[in-house]
Amino acid sequence: MIETRNLCKRYGRVTAVHNLNLFIRRGTVFGIVGENGAGKTTTLSMLATLTPPSSGKAFVNGFEIRRQSAEVRRSIGYMPDSFGVYDDLTADEYLEFYADCYQVPKSVSASRRRELLAWVNLEDKRDTYVNALSRGMQQRLEIARCLMHDPAVLILDEPSSGLDPRSRIELRAVLQRLRTLGKTILISSHMLHELSEIADEIGIIRGGELAAVAAVDVMRAHTSAYRTLRIQGAASAQQWESVLSRDSHVAGLTLEKDGVEVLYAGTLEQQAELLRRLVDAGIPVYQFAEQPTDIEELFLRLTERTTTGA
Amino acid sequence: MWRNPLLRKEFRQRMRTARAPVVISGYLVSMSALTFALLYESVQGQTLLLLPARSEQIFVALSWLQMTVAAFLTPAFAAGSVSGERERRTLPVLLTTPLSPFSILAGKILSSSALLALLLMVTLPLYSLVFLFGGAVPQEVVSVFAFQLFTIVLIAALSVFWSTVVLRSGWSTVLAYATVAWMVVGTGVLGYGLSLLAERNPIDAFAVRWANELLNLNPLWVEASLEGAVQASPYAWVVFVAVYGVVAVALAIPAIWRLRPQAMSVFHRSPRTKSGGTSLL
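The structure presented is a predicted model; accordingly, all values stated were derived computationally and were not measured. Every residue gets a number counted from 1 within its own chain, in the order that chain's sequence is written. As a convention, the first chain written is A and the first ligand written is 1, with the rest following in written order. pLDDT decides what is reported in this predicted model: residues at 70 or higher carry local features, side-chain atom pairs at 80 or more are listed and counted, and totals for whole chains, interfaces and linings draw on all residues regardless. Side-chain measures here rest on the full set of heavy atoms in the structure, leaving out hydrogens and waters.

Visitor: Would you explain the overall build of chain A in this entry?
Guide: When helices and strands are tallied, chain A shows eleven helices and 14 strands. Along the first, second and third principal axes, the C-alpha set of chain A runs to 80 × 45 × 35 Å. By definition in these notes, contact holds between two residues if any of their heavy atoms fall within 4.5 Å. For chain A, long-range pairs separated by at least 24 residues make up 69% of all intrachain contacts whose partners lie at least 6 apart in sequence. Accessible surface is estimated by sampling points in the Shrake-Rupley manner with a 1.4 Å probe; for residues, cover comes only from the protein chains shown. Of the roughly 13200 Å² of accessible surface on chain A, a fraction of 47% belongs to carbon and sulfur atoms. Counting from the N terminus, the helices are the DSSP runs of H or I reaching at least four residues and the strands are the DSSP runs of E reaching at least two.

Visitor: Hey, could you run me through the interface of chain B and chain A in this one?
Guide: Think of interface size as the accessible area that goes away when the parts come together; that is how it is often given. Tallying the contact residues gives 32 residues for chain B and 41 residues for chain A. Two parts placed together each lose some accessible area; with a 1.4 Å probe, that loss summed over both constitutes the buried area. Across the chain B/chain A interface, buried area totals approximately 3200 Å², and carbon plus sulfur atoms make up 57% of it. The term salt bridge refers to a side-chain nitrogen of Lys or Arg lying within 4 Å of a carboxyl oxygen of Asp or Glu. Counting every contact that joins chain B to chain A gives four salt bridges. A salt bridge links Glu93(A) to Arg12(B); the nearest nitrogen and oxygen atoms lie 3.9 Å apart. In protein, a polar contact requires one atom able to donate a hydrogen and another able to accept it; more generally it is a pair of N or O atoms within 3.5 Å, and residues adjacent in sequence count only if both atoms are side-chain atoms. Taken together, the links from chain B to chain A amount to nine residue pairs in polar contact (both at pLDDT 80 or more).

Visitor: Before we go on, may I ask you to explain a nonpolar patch on the surface in this structure?
Guide: Together, Met15(B), Leu118(B), Met121(B), Leu124(B) and Leu149(B) line one region of the surface with nonpolar side chains, adding up to about 380 Å² of accessible area. Along the chain, Met15(B) turns up in helix H1 (residues 5–16). Residues form patches when they are more than 30% accessible in relative terms and have no salt bridge. Like charges link within 9 Å. Nonpolar side chains (Val, Leu, Ile, Met, Phe, Trp, Tyr) link within 5 Å.

Visitor: Would you mind going over the pattern of salt bridges with me for this structure?
Guide: Proximity of charged atoms lets side chains of opposite charge pair with each other. Scanning all chains against the criterion turns up 28 salt bridges over all chains. Of the charged contacts in the structure, one is a salt bridge between Arg126(A) and Asp92(A), with a shortest N-O distance of 3.6 Å. Taken as a pair, Arg126(A) in the loop between helix H4 (106–119) and helix H5 (135–147) and Asp92(A) in helix H3 (residues 91–101) lie far apart in primary sequence, 34 residues in all. Residues joined by salt bridges that share partners form a network here, namely Glu93(A), Glu96(A), Asp100(A), Lys106(A), Arg8(B), Arg12(B) and Arg16(B).

Visitor: Even after reading the chapter, I still don't get the sheet that holds strand S14 (residues 285–291) of chain A, so can you show me in this structure?
Guide: The strands that make up a sheet are held in pairs by hydrogen bonds between backbone atoms, and each pair lies either parallel or antiparallel. Residue and element names in this part refer to chain A. What the four strands build is an open sheet, ordered S12-S13-S11-S14; its pairing is antiparallel. Whereas interior strands pair on both sides, the edge strands pair on one side only; in this sheet they are strand S12 (250–256) and S14. Recorded for the sheet is a direction-independent mean angle of 20 degrees between the axes of neighbouring strands. The sheet contact formed by S12 and strand S13 (residues 259–264) spans six bridges and is antiparallel. One bridge is not enough; two strands pair if DSSP finds at least two bridges between them. Angles shown run from 0 to 180 degrees and are taken between the N-to-C directions of axes, each axis being a line fitted to C-alpha atoms and, for helices, limited to the stretch in contact.

Visitor: Before we go on, may I ask you to explain the pairing of strand S4 (residues 55–60) of chain A in this structure?
Guide: The side chains of a regular strand alternate, first on one face of the sheet and then on the other. Residues and elements named next belong to chain A. For each residue, the accessible area found with a 1.4 Å probe, counting protein chains only, is set against the maximum for its type, and the residue is called buried under 20%, exposed over 50%, and partly exposed in between. The buried fraction of S4 amounts to five of the six residues, a majority that puts the element mostly inside the structure. As paired strands, strand S1 (residues 2–11) and S4 are joined by five bridges and run antiparallel to one another. Paired with Ile 2 across the strands is Val 60, a residue of S4. Adjacent in sequence and paired antiparallel, S4 and strand S5 (residues 63–64) are bridged by two residues, among which Asn 61 carries a positive phi angle near 55 degrees.

Visitor: Help me understand the nonpolar core in this model?
Guide: As a rule of thumb, soluble globular proteins bury nonpolar side chains together. Definition used in this section: a nonpolar core is a set of buried Ala, Val, Leu, Ile, Met, Phe, Trp, Tyr and Cys residues joined via side-chain atoms within 4.5 Å. Membership of the largest hydrophobic core comes to 111 residues, with the highest contact counts inside it found for Leu141(A), Ile143(A), Leu156(A), Leu178(A), Ile202(A) and Phe161(B). Examining the composition of this core, we find that nine residues originate from one element, helix H8 (residues 138–166) of chain B, more than from any other. Among the nonpolar cores identified, the runner-up in size contains 23 residues, and Ala20(B), Phe77(B), Leu116(B) and Val141(B) belong to it.

Visitor: How should I be thinking about the packing of aromatic side chains in this particular structure?
Guide: Each aromatic ring pair is specified by the distance between its two centres and by the angle formed by the two planes. Residues and elements named next belong to chain A. Note on ring pairs: Phe, Tyr and Trp rings are taken, using the six-membered ring of Trp, and paired if centres are within 6.5 Å. Classes follow the plane angle, with under 30 degrees stacked, over 60 edge-to-face and the rest tilted. Considering all chains together, one arrives at seven aromatic pairs over all chains under this definition. An angle of 70 degrees between the planes, with centres 5.3 Å apart, marks the rings of Tyr 94 and Tyr 98 as edge-to-face. You can see Tyr 94 and its partner Tyr 98 sitting in helix H3, four residues apart, about one turn around the helix. Tyr 98 shares its class with Tyr 94; the two are buried. Three or more aromatic residues joined by ring pairs make a cluster, and in this case those are Tyr 86, Tyr 94, Phe 97 and Tyr 98. The ring of Phe 83 is capped by Arg 135, whose NZ or CZ atom sits 4.3 Å from the centre of that ring. In this scheme, Lys NZ or Arg CZ marks a charge over a ring once it lies within 6 Å of the ring centre and within 35 degrees of the ring normal. When the ring centre of Tyr 98 is taken as reference, the NZ or CZ atom of Arg 145 above it lies at 5.3 Å.

Visitor: How do you make sense of the side chain of Arg73(A) when you look at a structure like this?
Guide: Structurally, Arg73(A) is set in helix H2 (residues 69–75). Not counting residues up to four positions away in its chain, the partners in contact with Arg73(A) are Thr49(A), Tyr102(A), His149(A), Leu95(B), Thr96(B), Thr97(B) and Arg260(B).

Visitor: Teacher, can you tell me more about H1(B) here?
Guide: For an α-helix the count is 3.6 residues per turn, leaving residues at separations of three or four pointing the same way. One fewer than the residue count of a helix, multiplied by 1.5 Å, yields its expected span. Taking 1.5 Å of rise per residue, twelve residues should cover 16 Å, and H1(B) covers 16 Å from first to last C-alpha, within 8% of that figure. Those residues of H1(B) hidden inside the fold are in contact with H3 of chain A together with helix H4 (81–87), helix H5 (91–95) and helix H6 (101–122) of chain B.

Visitor: How do you make sense of the packing of H8(B) against helix H11 (residues 219–227) of chain B when you look at a structure like this?
Guide: Angle between the axes and distance between the axes: these two values describe a pair of packed helices. Residues and elements named next belong to chain B. Contact geometry for H8 and H11: axes closest at 9 Å, N-to-C directions at 165 degrees. Judged by the angle between their axes, H8 and H11 are roughly antiparallel. Relative to H11, H8 is oriented so that their crossing is right-handed. On H11, the residues that touch Glu 140, Ser 143, Val 144, Phe 147, Gln 148 and Thr 151 of H8 are Pro 219, Val 222, Glu 223, Leu 226 and Glu 227. In this classification, Asp, Glu, Lys and Arg are treated as charged, Ala, Val, Leu, Ile, Met, Phe, Trp, Tyr, Cys and Pro as nonpolar, and every other residue, Gly included, as polar. Considering only residue class, the contact of H8 with H11 consists of five nonpolar, three polar and three charged. Each angle gets one of four labels, with under 35 degrees taken as roughly parallel, over 145 as roughly antiparallel, 65 to 115 as roughly perpendicular, and the rest as oblique. Each crossing gets its handedness from the near helix: less than a right angle anticlockwise from the far helix is left-handed, clockwise is right-handed.

Visitor: What am I meant to see in the pairing of strand S2 (residues 14–24) of chain A here?
Guide: Residues and elements named next belong to chain A. Strand direction decides the pairing type here: S1 and S2, joined by seven bridges, are antiparallel. Considered in S2, the bridge of Leu 7 is made with Leu 20. Between S1 and S2, which pair antiparallel one after the other, the connecting turn spans two residues, and Gly 12 there sits at a positive phi close to 65 degrees.

Structure representation (structure tokens):
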């Protein structure tokens, strides 16, 4: 449904997207995650036919984005990360305008507008001017706008950016309902945990390259077994390594100025045993604590730039 | 064309605010006051004294004033149309709809011209007052109105194209007004200067030739030629339409490219675009 082959985008000497190879099956919700400037928006904007690629190919709903851009545009509902709305139009007129742009028949348009406004919980805002809606409501209206012509593919670029926590929760509920429509959805975010609640598959993009791709349940299985331990103590690098490398549950080790950070896959009892061994080795341990784990970082360390199948 | 969704949306937006009726009412009141003042001044309080020749002068004065106002008001409505969409961040979504660049530009041009066209229409009863006293003939009035309408659409088109090419409302406004200033003031001053030179030195072929060519590019001059108020070629309007038509097409090409580079792929042999292609985001 969405496929990219060595897709590249360069702006002068800067490469925004480098040899991106992506395959998203029909009906899949695919989350693309990465920091600001990683290349998410450029990728999505190329797939939405807004930015011409420098090289490579991409297909959306079977249409090539450069040669068949008109067909691609008819197949997609695109929501940019930063969007504006038209003043002096009501929510209903706003949807009507886009329905007309997509030549949705008048007989269908009116009922679909009603349904979609109800679907995104804005039925009581039908006659409210769009610029008078809150940001969260505008985001939901944008999702309704994306669905107005019943596209096969939705491309949503950071739909929850700039929202307060309450609006974020409301939008997440709408996005989760989107899953039930059976559409192919490509959605970006800089927060992996947010996408993992919505997506079937996740791709991590870094420096314009796809660093890892995995099914969400595979990723959860990989990451839930691991904990990050922060151990502070007075010991040399050799002393830390001599004790920690003997524990088969230590999956990763990062030496720091006053201790180590350990990626640990053992049970709580095995964790207590590790602490005992450190003390027995004569290392004065000042702190032994579990740290919040950055699952994106953890996932990348585990996959080490390899991809795992769904 | 009337099925253009952008045009309908713009009409809805523009006519909904207080701005449109205020502009129309203000313009009509000003023009009415001026017309009655000119009529009163020409008869000096005695209605029976109104002569057809004086009546025609009033018609010429009113139409010149109308053309000047329309020429300088049109960029105010058109120069920020596409750049404004970009600045309001509504353009990327508009560009992912199936609307063609031509439809987008046509919608913007016609919607920005509409209010000005409406201003022309509301002054028609004033012209009928001038008719009462003879002087101007209906064909003259029709040709003047048609030319004014064409000039408004032309200036709106040039302003919308500038707005699309530079994508900054400030710059597009400057360029649109520079274009209008050239059309109304630049060609007038240069053309009139050269014609004065040609009168004093009739053997200067350059001055003789270019005086008329430049004046043919001035909307006020062409309008005056349609009214028979100046001695000009009967085809002055043809030169005006042809030259500015070419200019508009030349500016439309980069505007279309700006909106959708793929639309211009007919000019590229290779399917690959150069790196660093334009982005409207």
